[in-house]
Amino acid sequence: MKIETLAVHAGHTIDPSTGAVSAPIHLSTTFERDVEGSYSRGFMYTRNSNPNRSALEQGVSALEGGVEAAAFASGMGAAMALFQALEPGDHILAHADAYYGMTRLLRDVFLKWGMQADFVDMSDLDLVRKAMRPNTKLAWTETPSNPLLKLVDLAAVANVVHAGGALCVCDNTWAPIIQRPIDLGIDLVLHSTTKYFGGHCDVLGGILVAKTANDFFERVRHIQYAGGAVPSPFDCWLILRGMRTLPWRMRAHSENAAKVAGFLEKHAKVERIHYPGLSSHPQYELAKKQMSLPGGMLSLEVKGGRDAAMSVASKTKLFTRATSLGGVESLIEHRASIEGPGTTSPEGLLRVSIGLENADDLIEDLDQALR
């Protein structure tokens, strides 16, 4: 099936008891045993498994081209389970320009528990090779990166990491549908399903998709039900519903973002624009190679630094000044102030999530805010 068809049907079945086309939400926390004490219907307790969560995991796994998936209550919950599946003393190689919440999780939590980590620019393959150690077990990539939209050559990095005997994971939150990490050799794909999968800024979730069934992913599964950081049945239902329109929304987000980026690139008040769909992006050719569309996220650096950027963010009328991304509404934020002490984001940088409004209206709003 083509991706649009798969998004509509994966994880969805007609309810056998009623014929309902829209799946029911199974709110029950516990399920009846059979006479002999078994669970032939497949469900025992919602922390272990639930019909809505199973449907979500099957649907997202099929969409990403994986064999199985594990859903969590948030993207960070999924990342935490991934790291918990490692052992003290294991080494993690992480992208230097990755989501600050992930780097904070590694530094503030897991390094204290005996994990080892190095943060390198994974767009430089030589740095990746040099950073690999005998005890490297996992390489964490993120592309496009947050917030500078740097790209990682997933196929090339996967080859280096696999040669060192480690697994490679890609945070694909910014590029669902339009980037296929598993097809490029990545072992595990992570999504904050809060973002584009949900698509309406009204549900929290995360998911890990595995390319192959193996002992490592079984440990992730064990942590999922043992730790209990699982999404509610209703949250699973919402995310799976959002997935049905995901291919079409990603096209519209990308189309709008490309128009806005082209306008901003020529604006006198903009010092720099970060968007992989522009030929001026240093990795434009890589973007064309591994992404079918450039996506709906961009960052702009305003001339005049922090104060000027803050002024622009405060003057927008259609863009909501808020954290998050991937919803139908456009959002804008001053990234350095969100990340706080230790941020590597330029002080003049605004991160923008382009929504599904008319692109001309968004351009007009940014133009008046930049004056």
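This section reports on the structure supplied with the text. Since the structure is predicted, the reported quantities are computational estimates derived from the model, not experimental observations.

Next up on the list: the sheet that holds strand β12 (residues 349–353). The five strands lie next to each other as β8-β9-β12-β11-β10, forming an open sheet whose pairing is mixed. Since the sheet does not close on itself, it has two edges, and those belong to β8 (270–274) and β10 (320–321), each with one partner. Both β10 and strand β11 (residues 331–334) contribute to a ladder of two bridges, which runs parallel. Of the residues in β11, the one forming a bridge with Arg-321 is Ile-332. Contacts from helix α9 (residues 246–265) reach β8 and β9 (297–302) within the one sheet, and its direction differs from that of β9 by about 15°.

By volume, the largest pocket is sized at about 530 Å³. Thr-13, Ala-23, His-26, Pro-51 and Ala-55 are, among the 27 residues lining the largest pocket, the residues nearest its centre. Those elements giving two or more residues to the lining of the largest pocket turn out to be α2 (51–64) and α8 (233–243). Counting residues per element, the lining of the largest pocket draws most heavily on α2, which supplies five residues. Taken together, the residues of the lining of the largest pocket sort by class into twelve nonpolar, ten polar and five charged. In this structure, the second largest pocket occupies an estimated 430 Å³ of space.

Okay, the pairing of strand β5 (residues 167–171) next. Taking burial as the measure, the five residues of β5 include four buried ones, the bulk of the element. Across five bridges, strand β4 (residues 136–142) lies against β5 in parallel orientation. Note on β5: the bridge partner recorded for Ala-139 is Cys-168. Where β5 lies against strand β6 (residues 188–191), three bridges are found, and the strand directions are parallel. Note on β6: the bridge partner recorded for Cys-170 is Val-189.

Here the focus is the environment of Gln-283. Mapped onto the fold, Gln-283 is located in the loop between β8 and α10 (284–290). In this structure Gln-283 comes out as buried when scored by relative accessible area, which is 16%.

Thresholds applied
- Residues numbered from 1 in each chain as written.
- Predicted model: local features only at pLDDT ≥ 70, side-chain atom pairs only at ≥ 80, totals over all residues.
- Heavy atoms only, no water.
- Pairing = 2+ DSSP bridges.
- Helix = DSSP H or I, 4+ residues; strand = E, 2+ residues; numbered from the N terminus.
- Contact = heavy atoms within 4.5 Å.
- Axes fitted to C-alpha atoms, helices over the stretch in contact; angles between N-to-C directions.
- 1 Å grid on protein atoms, 1.4 Å probe; cavity = no way out; pocket = protein on both sides within 12 Å on 5 of 7 lines; lining within 4 Å.
- Points joined across faces, edges and corners; volume = space filled by probe spheres on them.
- Nonpolar A, V, L, I, M, F, W, Y, C, P; charged D, E, K, R; others polar.
- Buried < 20%, exposed > 50% of the residue type's maximum accessible area, 1.4 Å probe, protein only.

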